[in-house]
Amino acid sequence: MKEHHRKVKMPKARKPSHPTAPALEWLSDISGRTVRITAIGNQRILIENHTGIQDYTDECVCLRTATGLLHVHGYSLTLCEVRENALIIHGFIRQVDLPPEGGRR
Amino acid sequence: MNGDVRLRVEGLMLERLIQRAVSEGARFHTVKRESSRVLIIDADPHSAQILSALCERFSLPCTILSRHGRSAMLRRLKRRATLLAGALTFAAVFSMLFSRIWMIDIVLTGSRDSETRVLEQALSAMDVKPGMSKAKLDPIALEDALSAVSPDFSFVGVQLQGVRLLVEASPAIPAPPLYELSVGRDLVARCDGVIESIHVLSGVACVKPGDTVVRGQTLIRGDERVTKETNRSISALGTVIARTWHEGSASAPATIIEETRTGRFSQSSELRLLKLSWQLVAGNQFASQDVQEELLPIGGLFLPLHIRRVTAYETNVRTIPADVTTLRKQLSHLAFADAGMKLSQSHPADCKISDRWIEYTMAEGVLTARAVYETQTDIAIARDALYQQGG
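The structure displayed is predicted, hence computed values, not measured ones. (Residues numbered from 1 in each chain as written. Chains lettered and ligands numbered in written order. Predicted model: local features only at pLDDT ≥ 70, side-chain atom pairs only at ≥ 80, totals over all residues. Heavy atoms only, no water.)

Q: Help me understand the overall build of chain B in this model?
A: A count of helical and extended segments in chain B gives 8 helices and 22 strands. Relative to its 391 residues, chain B shows a buried fraction of 30%. Contacts spanning at least 24 positions in sequence make up 64% of the contacts within chain B whose residues lie at least 6 apart. Taken as a whole, chain B presents about 24600 Å² of accessible surface, with 55% of it coming from carbon and sulfur. (Helix = DSSP H or I, 4+ residues; strand = E, 2+ residues; numbered from the N terminus. Buried < 20%, exposed > 50% of the residue type's maximum accessible area, 1.4 Å probe, protein only. Contact = heavy atoms within 4.5 Å. Areas by Shrake-Rupley, 256 points an atom, 1.4 Å probe, with all protein chains shown as cover.)

Q: Looking at this structure, I do not really get a nonpolar patch on the surface. What am I missing?
A: All names here are of chain B. On the surface, a cluster of nonpolar side chains totalling about 790 Å² of accessible area is made up of F90, V93, F94, M96, L97, F98, W102 and M103. Residue contributions to the nonpolar patch peak at 6 residues, all from helix α4 (residues 81-98). Within the secondary structure, M96 is located in helix α4. (Patch = residues over 30% accessible without salt bridge, like charges linked within 9 Å, V, L, I, M, F, W, Y side chains within 5 Å. Salt bridge = Lys/Arg side-chain N within 4 Å of Asp/Glu carboxyl O.)

Q: Just to check I follow, could you spell out unusual backbone geometry for this structure?
A: Even without glycine at this site, E81 of chain A takes up a positive phi of about 50°. Assignment of secondary structure puts E81 of chain A in strand β5 (residues 68-82).

Q: Is there a simple way to explain helix α5 (residues 117-125) of chain B in this structure?
A: An α-helix turns once every 3.6 residues. As a result, residues three or four positions apart point the same way. All names here are of chain B. Buried residues of α5: L119, A122 and L123, and no others. Seen from one end, α5 has its buried residues packed into an arc of 100°, which puts them on one side. Opposite the buried face of α5, at more than 90 degrees from it, the exposed residues are R117, Q121, S124 and A125. Looking at the buried positions of α5, the neighbouring elements they touch are β5 (103-108), α6 (139-149), β6 (153-161) and β7 (164-171). The positive-phi residue at the C-terminal boundary of α5 is D127, with phi of around 65°. (Arc of directions from axis to C-beta.)

Q: Please clarify how the interface of chain B and chain A should be interpreted in this entry.
A: How big an interface is tends to be expressed through the accessible area that disappears when the partners come together. If you look at the interface, chain B gives 15 residues, while chain A gives 16 residues. Between chain B and chain A the total buried area reaches about 1300 Å² when both faces are included, carbon and sulfur atoms providing 52% of it. Its largest share of buried area at the contact with chain A, chain B owes to E15, Q19 and R33 of chain B, together 38% of the area lost on that side. Where chain B meets chain A, there are 0 salt bridges. Here chain B and chain A share 8 residue pairs in polar contact (both at pLDDT 80 or more) between them. For the side of chain B that touches chain A, the secondary structure elements donating two or more residues are α1 (14-23) and β2 (28-35) of chain B. The element that contributes the greatest number of residues to the side of chain B that touches chain A is β2 of chain B, accounting for 6 residues. (Buried area = accessible area lost by both parts, 1.4 Å probe. Polar contact = N/O pair within 3.5 Å; in protein donor to acceptor, adjacent residues only side chain to side chain.)

Q: I keep staring at the pattern of salt bridges and nothing clicks. Help me out?
A: Close approach of charged atoms allows side chains of opposite charge to pair. Residue and element names in this part refer to chain B. By the definition in use, this model includes 23 salt bridges over all chains. The partner of R221 in a salt bridge is D223, and the shortest N-O contact between them spans 3.7 Å. What makes R221 partly exposed here is its relative accessible area of 36%. Each of E270, R272, E293 and R308 takes part in a single network of salt bridges with overlapping partners.

Q: Explanation requested: the packing of α1 of chain B against helix α2 (residues 45-57) of chain B in the structure shown.
A: Packed helices, taken two at a time, are described by their axes: the angle between them and the distance between them. Residues and elements named next belong to chain B. Two elements in contact, α1 and α2, have axes whose closest approach is 10 Å; the angle formed by their N-to-C orientations is 130°. Taken together, the axes of α1 and α2 lie oblique to each other. Crossing of α1 against α2: the hand is right-handed. Between α1 and α2, the residues in contact are L17, R20 and A21 and I50, L51, L54, C55 and R57, respectively. Of the residues that constitute the contact of α1 with α2, the class distribution is 6 nonpolar, no polar and 2 charged. (Axes fitted to C-alpha atoms, helices over the stretch in contact; angles between N-to-C directions. Parallel < 35°, antiparallel > 145°, perpendicular 65-115°, else oblique. Left-handed = near helix turned anticlockwise from the far one by under 90°. Nonpolar A, V, L, I, M, F, W, Y, C, P; charged D, E, K, R; others polar.)

Q: Any chance you could explain the pairing of strand β19 (residues 305-321) of chain B here in plain terms?
A: Moving residue by residue along a regular strand, the side chains alternate between the two faces of the sheet. All names here are of chain B. Where strand β16 (residues 255-273) lies against β19, 16 bridges are found, and the strand directions are antiparallel. Bridge assignment links E259 to a residue of β19, and that residue is V317. When strand β18 (residues 289-297) meets β19, the two strands line up antiparallel, connected through 9 bridges. Within β19, the residue paired with E293 across the bridge is V310. (Pairing = 2+ DSSP bridges.)

Q: Hey, could you run me through the sheet that holds strand β9 (residues 193-202) of chain B in this one?
A: Two pairing modes exist for strands in a sheet, parallel and antiparallel, and in both the strands are linked by backbone hydrogen bonds. Residues and elements named next belong to chain B. In spatial order, the strands read β11-β9-β15-β21-β20; together these 5 strands make up an open sheet with antiparallel pairing. Because the sheet does not close on itself, it has two edges, and the strands there are β11 (212-213) and β20 (352-363). Judged from the 7 bridges that link them, β9 and strand β15 (residues 237-253) form a sheet pairing that is antiparallel. The partner of V194 across the bridge, within β15, is R243. Against the sheet, helix α7 (residues 324-346) contacts β15, β20 and β21 (366-378), and its axis sits at roughly 145° relative to β15.

Q: What should I look at first to understand the sheet that holds strand β17 (residues 276-281) of chain B in this one?
A: Residue and element names in this part refer to chain B. Strand order in the open sheet formed by 4 strands is β17-β16-β19-β18, and the pairing between neighbours is antiparallel. Each end of this open sheet is capped by a strand with a single partner; those strands are β17 and β18. Along the sheet, successive strands turn relative to each other by an average axial angle of 35°, direction set aside.

Q: Any chance you could explain the confidence of the model for chain B here in plain terms?
A: If pLDDT is low for a region, its predicted coordinates should not be looked at in detail. A residue-level look at chain B finds 97% of positions with pLDDT of 70 or above and a mean pLDDT of 87. Model confidence for the complex is summarised by a pTM of 0.41, with the ipTM given as 0.73. (pLDDT = per-residue confidence, 0-100.)

Q: Is there a simple way to think about the pairing of strand β3 (residues 38-43) of chain B in this case?
A: Residue and element names in this part refer to chain B. Extensive coverage of β3 is indicated by the burial of 6 of its 6 residues. Inspection of the sheet shows strand β1 (residues 5-10) paired to β3 by 6 bridges, in the antiparallel sense. When the bridges of β3 are listed, R6 appears paired with D42. Here 6 bridges tie β2 to β3, and the two strands are oriented antiparallel to one another. Residue pairing in the sheet places V31 in a bridge with I41 of β3. Where β2 hands over to β3, the hairpin turn is made up of 2 residues, counted between the paired strands.

Given below as structure tokens:
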């Protein structure tokens, strides 16, 4: 009886969508197109490199970024230190929805 | 960036307005949602101006709720320019007033009493007076100068307390008389008296208890026997206690002049302005009268114009005898006060009052009270000291 050996191919490891060398990661950081989010606890969040305010209510702040919309959910939200590409959201922050890395949603 | 100006913006899609303002250079300190159509924004004056211009362009209602900080203060000062001038004037006057001395107080420390006139004269001579500048005054130098010119004070301290110059001085304790045994001297009586006791420490007693002595009489002679034939002079020392008397008197007429009104009176009035006067109504004069004067202001506080009204009441004068008991009581107070004053002037404070009495005499309608203090005191004094007291 001939044994049929079934060849099983090992699946290739999927490459990341944006292959970059670790040494060059800082290039996208200084390009100014990537949004940078700094959270301090759950009451203060600094958002840099956004491109505009899409919507603002007490419970949700929606910001435009180069890759899509960024949502910050919470309550008693206030915008502080509003500048051209940066602002601070102050309040009780519950959730941050990041834009997909691939492109605009 | 600071939140000097608080704005209230009303409308739809206010996020776009904020984005537009930010793109034009505005920066906002705080953006808060008041309702679905209203935003409350804190911004600096420049950003508030940009936002207001945008609201005006897009016909959005924008209200300035409040202004704080430096910009608000500058706007307030622009509206009230005299406030700044007044504040500066106040500060200048305040600093000028507090840079000067307005009070000079001279305080004696300790229990001894002394005259401060010497210090006042010295301060005047140094041109230290109220109103002088504090910068021209050196308290330490002033202390030294005052100590130099006033030897009667053992300590003089000068302190600047705000607008007050405090000069503290302590009177010096007088030096006790120096007793030199080799210098010959006698002890004599300070005043008249009757000797009670004598205690000789050096010298020879010239009186004995019971003797009556007069002022200046030798009580203890400064003499010491060396041999049978020769004596030598020494300084007499000892105490001689004697009874002395000090009199005081007071007198007053024993009758009282009483005036009773007859019922007739006369009024006169005149208008007065400072030292000028105009007669309005002329009045009569009585031989014996009781006059009352009234000032009736016309112009109030601001014009010194008033009417002076004089009312003369005619009186009858009669003489009635005074209440002798009351008069004696009043005269005894005056007479003892007079005697006490003489006693304090002529005797030291440690003299002992052994007795006192008072006598009344009536002569030609005048009641006279004569008060006497009897004291026991040391009347021995050096002859030189007696000469210094007036011989």
